[in-house]
Amino acid sequence: MKMIQVAFIICFTDINHSLLCIPDVASSSLKQYKAYEIPSQYLSVVARPFLSPHKNSGELFMKSGTAVLEKELPKTDPRVKLIAAKMKKENYKADALIEILHTAQNAYGYLPKEVLSYITQSLHLPPSRVYSTVTFYHFFSLKSKGEHTCLVCTGTACYVKGAQAILNEIERKTGLKAGQVSADNKLGVQVARCIGACGLAPAVVLDDEVQAKATPEEIVKKINAKLETV
Amino acid sequence: MNRQDLKTIIYAEKTKDETNKYKHKICVCCGAGCISSGSEEVMKKLQEEINTRGLENEVEVIPTGCMGPCNQGPLMKFLPEYNIYQKVDCSNITAIVQSQLIDKKPIEDLLLFADSREKPFINAQEDPFFKKQLKIALKNCGHINPERIEDYLVHNGYQALDKALFEMSPEEVIAEVKQSRIRGRGGAGYPTGLKWETVYKYVNEQKYVICNGDEGDPGAFMDRSVLEGNPHRVLEGMAIAGYAIGANKGYAYIRGEYPLAIKRFELAIKQAKKMGLLGNNILGTAFSFDVEVRIGAGAFVCGEETALIASIEGKRGTPRPRPPFPAESGLWGKPTLINNVETYAAISPIINNGGEWYSEIGTPKSSGTKVFALAGKINYAGLIEVPMGTTLREIIYDIGGGIQGGEEFKAAQTGGPSGGCIPAEHLDVKMDYESLVSLGSIMGSGGLIVMDKSSDMVDVARFFMEFCMDESCGKCVPCRVGTRMMHDLLQKICDNKATQIDLDRLEELAVYVKETSLCGLGGSAPNPLLSTLRHFRQEYEERIVNHELRELH
Ligand SMILES: Cc1cc2nc3c(=O)[nH]c(=O)nc-3n(C[C@H](O)[C@H](O)[C@H](O)COP(=O)(O)O)c2cc1C
Ligand code: SF4
Ligand code: FES
Ligand code: FES
């Protein structure tokens, strides 16, 4: 690995063009720059840091700079108690945010808006800090993942062994693509990058139960069985 | 607890083992792989069977970590005979117990690899799958109950910590690790001894030890198996590291996708604390060391050391420029040592047997052994450990039993999204850091995915690029935008819509992204692309030529 970090500069020439200027590594001094034009359709990706978290966190729960508790959480709810206990255990330290979010996610299955506001207030953090952390990690979800979940591993081993065929079959039978939840919130389909059962690829996790060496037909059958038993 | 108490406990446990009331020991693999094929049920049934036969005082049934051949699970091992049964079904437990324990004759048809070898090996140690391996990091994995610290103690557990604390100075520990010439098993292969020395030299009242168990490479499960199969070994390695560099606090960052590993590691911490092997004044010495688990939240980039530190601090896991390296300014700005799970797992044998012993294994530049996770189109997928320098052919054909369905080998992928593919003409490559780099791949953390002709290499490159695009933290432009552009171009090639210009552009971009990204994710994201271009260029060109031909018609 090279030790020096080569700097790069972005120039926005006009609204539709941006240039990536890169020191020419071939030249002996690093002073010569090469310009690389980034096509306009990527402009939103280039400018993403200027567009996202704050705006969205505002939508979620920010009013004039502080978090607001729109809906009081029922203090007797065992899930709320769990989160409260965890926060207390961690001494309301900001660096335990991820641990606390794990607790909340486990309790609710996702992170409802009011729960996030509650954590934000208790830890005295800016909402954008919480929101940006939540959206950074795949594990956390702002939406319900469905009553039953079907998690298809699309890691390399499972990819080589036909994970896509399983996803295709699920989509054909249930109409759900990866990341979608059925309208009645009964079933959610997700993908994961390796669950560590690669020796038994392809792997699918149906409601926390690992299905090893899965076949498309078998998985669809098991999903149907889950949906029927209410 | 002091040193004498520990000796007494070990002695008591050992004599219990020797004057053993148990004549037989049955290990049931309860690694994550076997659990998902139903080993917990098997274990319950087995215990019931033993009890109904009134053998519970003669036969001990224990759950163990991964034994290796995961796709043959659930596995059941009879000791001392070393007969392993594969794909054990609850329905044939009665028969197995009857013939194994009463008739004293194994059922050959149910033994490991009985369905794929002409004749299975009665003693599984004779099987090439095991015979060709050399287990150091995985030594006790599959033999001991990972949830009992006593099992580990009997197998020389915490002896290295004891030795380090009472017989060696921190400098001597570092010297021993340096002499072993062990290199980091997390991917980059930086000499571990040097890293320890660097952190040791920074003077600070507070230092940290971090164990990187984020194992982000999709298709690899080495760290998981070590953590699940022998968590105390990792804990011991971390404590020795803490003693050597002068840290009193450690963090183990473990992937959230591995609940079992988290559970067992947390249990191990609790047990070690209870025995005084962790916590304040370990074994009555002045050395104190505590370990805390942090759970990952599903971001590949958090395997990168600076991102991992940010994540432990409860922030978004984005890397930052280095220097300063974590050795100087890491967790909360303090000197921090970060090593991989497998690196820590190799420490206690090095201290016990000496650095020289370890350095003689493997090749001169890459000493020791490496754990690989074999997966993909291979007959015996699972977890193996071989000396560095073992050839790919030996791994795939002798240990792995060849390609599924007798197909032809096409390529092996090592190093995951940061690595590359090794084509058939390089099957005799020695698996060590330098040889793999010379082929345009990397050792990586040890994922080894075997592909046959059904894999389309352009799509493989697209798959990894998609992964990097999704996992890019978005902090720097070359990676955030570059991976997306490269992915789109690769998709275009896959759809047979690309022209030569697109291919040229792709190659140009790959170099830019590699040179200018902030961290290793972007810096190595083009590797799978470049290596497939290098070894399978015609697959790319066929698509493009085809396209141009179509336009002519
Ligand atoms: C994108 C990226 C992902 C990484 N993922 C891991 C990982 O999953 N596990 C790991 O041990 N090291 C990983 N590393 C390497 C670490 O940054 C670090 O080098 C390593 O933990 C050092 O330990 P070692 O010296 O024992 O190898 C990753 C690096 C990068 C750039
Ligand atoms: S190279 Fe990619 S992952 Fe690394 S800092 Fe830049 S954007 Fe983030
Ligand atoms: S790749 Fe699917 S379990 Fe690892
Ligand atoms: S999990 Fe049982 S052999 Fe690997």
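Residues numbered from 1 in each chain as written. Chains lettered and ligands numbered in written order. Predicted model: local features only at pLDDT ≥ 70, side-chain atom pairs only at ≥ 80, totals over all residues. Heavy atoms only, no water.

Engineer: Describe the overall build of chain B, with residues and values.
Structural biologist: Secondary structure assignment for chain B yields 24 helices and 13 strands. Computed over C-alpha atoms, the radius of gyration of chain B comes to 25 Å, within 12% of the 24 Å expected from 2.2 N^0.38 for 553 residues, which places it in the range of a compact globule. For chain B, restricting intrachain contacts to residue pairs at least 6 apart in sequence, the fraction spanning at least 24 positions comes to 71%. As displayed, chain B has an accessible area near 19500 Å², and 50% of this comes from carbon and sulfur atoms. Averaging the coordinates of the 63 positive side-chain charges in chain B and doing the same for the 74 negative ones gives two points 3 Å apart. (Helix = DSSP H or I, 4+ residues; strand = E, 2+ residues; numbered from the N terminus. Rg over C-alpha atoms; globule rule 2.2 N^0.38 Å. Contact = heavy atoms within 4.5 Å. Areas by Shrake-Rupley, 256 points an atom, 1.4 Å probe, with all protein chains shown as cover. Lys, Arg positive; Asp, Glu negative; His and termini not counted. Charge placed at Lys NZ, Arg CZ, Asp CG, Glu CD.)

Engineer: Got a sec to walk through the overall build of chain A? Specific residues and values, please.
Structural biologist: Regarding its fold elements, chain A presents ten helices and nine strands. Scored against the burial criterion, the 230 residues of chain A give a buried share of 47%. For chain A, long-range pairs separated by at least 24 residues make up 56% of all intrachain contacts whose partners lie at least 6 apart in sequence. Taken as a whole, chain A presents about 12000 Å² of accessible surface, with 56% of it coming from carbon and sulfur. (Buried < 20%, exposed > 50% of the residue type's maximum accessible area, 1.4 Å probe, protein only.)

Engineer: Which residues make up unusual backbone geometry, and what values go with them?
Structural biologist: For residues other than glycine, phi is negative in most cases, and the peptide bonds are mostly trans. In this structure, Pro202(A) follows Ala201(A) across a cis peptide bond, with omega equal to -5°. On the secondary structure map, Pro202(A) appears in the loop between strand S7 (187-192) and strand S8 (204-206). One non-glycine residue with positive phi stands out, namely Phe113(B), at about 65°. For Phe113(B), the position within the fold is in the loop between helix H4 (93-102) and helix H5 (128-131).

Engineer: I'd like a description of the environment of Glu425(B), backed by residues and values.
Structural biologist: If you trace the backbone, Glu425(B) turns up in the loop between strand S12 (420-423) and helix H18 (433-438). A relative accessible area of 60% places Glu425(B) in the exposed class.

Engineer: Which residues make up the packing of helix H4 (residues 78-89) of chain A against helix H5 (residues 97-108) of chain A, and what are the values?
Structural biologist: Residue and element names in this part refer to chain A. Taken N-terminus to C-terminus, the directions of H4 and H5 make an angle of 165°; their axes are 9 Å apart at the nearest point. With respect to H5, the axis of H4 lies roughly antiparallel. Here H4 and H5 pass one another in a crossing that is right-handed. The segment H4 lies against H5, with Arg79, Val80, Leu82, Ile83, Lys86 and Met87 engaging Glu99, Ile100, Thr103, Ala104, Ala107 and Tyr108. (Axes fitted to C-alpha atoms, helices over the stretch in contact; angles between N-to-C directions. Parallel < 35°, antiparallel > 145°, perpendicular 65-115°, else oblique. Left-handed = near helix turned anticlockwise from the far one by under 90°.)

Engineer: Account for the sheet that holds strand S1 (residues 24-29) of chain B, with residues named and values stated.
Structural biologist: Residue and element names in this part refer to chain B. Overall, mixed pairing links the four strands, which are arranged S2-S1-S3-S4 in an open sheet. In this open sheet, the two edge strands, each paired with only one partner strand, are strand S2 (59-64) and strand S4 (83-85). For this sheet the average axis-to-axis angle between neighbouring strands, irrespective of direction, equals 20°. In this structure, S1 lies alongside strand S3 (residues 76-79), joined through four bridges in antiparallel fashion. Of the residues in S3, the one forming a bridge with cysteine 27 is lysine 77. Taken strand by strand, helix H3 (residues 39-52) contacts S1, S2 and S3, and its axis lies near 170° from that of S2. Its contacts with the sheet put H4 on S1, S2, S3 and S4, and the angle it makes with S3 is roughly 15°. (Pairing = 2+ DSSP bridges.)

Engineer: Go over the interface of chain A and chain B with me, naming the residues and quoting the values.
Structural biologist: Interface size is often expressed as the accessible area that is lost when the parts come together. Each partner contributes residues to the interface: chain A has 53 residues there, and chain B has 69 residues. The largest per-residue losses of area from chain A upon contact with chain B belong to Tyr36(A), Phe136(A) and Arg193(A), which jointly make up 15% of the total buried on that side. The interface formed by chain A and chain B includes two salt bridges. A salt bridge links Arg193(A) to Asp470(B); the shortest N-O distance between them is 3.0 Å. The interface formed by chain A and chain B contains 21 residue pairs in polar contact (both at pLDDT 80 or more). Elements that contribute at least two residues to the side of chain A that touches chain B include exactly strand S2 (17-23), strand S3 (33-38), helix H1 (43-46), helix H2 (48-51), H5, helix H7 (127-136) and helix H8 (156-160) of chain A. Looking at the side of chain A that touches chain B, the element that brings in the most residues is H7(A), giving five residues. (Buried area = accessible area lost by both parts, 1.4 Å probe. Salt bridge = Lys/Arg side-chain N within 4 Å of Asp/Glu carboxyl O. Polar contact = N/O pair within 3.5 Å; in protein donor to acceptor, adjacent residues only side chain to side chain.)

Engineer: Now, about the environment of Ala84(A): what can you tell me, with residues and values included?
Structural biologist: All names here are of chain A. By the secondary structure assignment, alanine 84 is in helix H4. Each C-alpha atom of the pair alanine 84 and alanine 192 lies 30 Å from the other, and the pair is 108 residues apart in sequence. Setting aside its immediate chain neighbours within four residues, alanine 84 contacts Tyr92 and Tyr118.

Engineer: If you had to explain the site of ligand 1 to someone new, which residues and values would you point to?
Structural biologist: All names here are of chain B. Around ligand 1, the structure places 18 residues, and the nearest of them are Gly186, Lys195, Asn212, Asn340 and Thr343. Contact between ligand 1 and asparagine 212: an oxygen atom at 2.9 Å from a side-chain N or O atom of the residue. At a separation of 3.1 Å, an oxygen atom of ligand 1 approaches a polar backbone atom of glutamate 215. Of all elements in the fold, only strand S8 (336-340) and helix H22 (520-524) reach the threshold of two or more residues within the shell around ligand 1. Take the shell around ligand 1: its biggest share by element is three residues, from S8. Residue composition of the shell around ligand 1, grouped by class: three nonpolar, nine polar and six charged. (Near = heavy atom within 4 Å. Nonpolar A, V, L, I, M, F, W, Y, C, P; charged D, E, K, R; others polar.)

Engineer: Please give an account of the nonpolar core that cites residues and values.
Structural biologist: Core analysis: the largest hydrophobic core is formed by 113 residues, its most contacted members being Trp196(B) and Phe265(B). Counting residues per element, this core draws most heavily on helix H11 (residues 231-245) of chain B, which supplies nine residues. With residues up to four places along the chain from it excluded, the contact list for Trp196(B) reads Val173(B), Ile174(B), Val177(B), Ile240(B), Ala241(B), Ala244(B), Ile245(B), Leu337(B), Asn339(B) and Ile347(B). Membership of the second largest hydrophobic core comes to 46 residues, among which are Tyr108(A), Leu308(B), Ile309(B) and Ile312(B). (Core = buried A, V, L, I, M, F, W, Y, C linked by side-chain atoms within 4.5 Å.)

Engineer: Got a sec to walk through the site of ligand 2? Specific residues and values, please.
Structural biologist: By nearness alone, 13 residues border ligand 2, and Cys473(B), Lys475(B), Cys476(B), Cys479(B) and Cys519(B) come closest of all. The residue inventory of the shell around ligand 2, partitioned by class, reads eight nonpolar, four polar and one charged.

Engineer: Can you tell me about the domain arrangement of chain B, naming the residues and giving the values?
Structural biologist: Residue and element names in this part refer to chain B. Here chain B is described as being made up of domain 1 (18-122), domain 2 (149-359), domain 3 (369-450) and domain 4 (457-552). In this structure, domain 2 and domain 3 have C-alpha centres spaced 27 Å apart. Contact residues are listed per partner, giving 16 residues for domain 2 and 20 residues for domain 3. At the boundary of domain 2 with domain 3, total buried surface from both sides reaches about 1400 Å², with 59% on carbon and sulfur atoms. Linking domain 2 to domain 3 there are two salt bridges. (Domains from an automatic or database assignment.)

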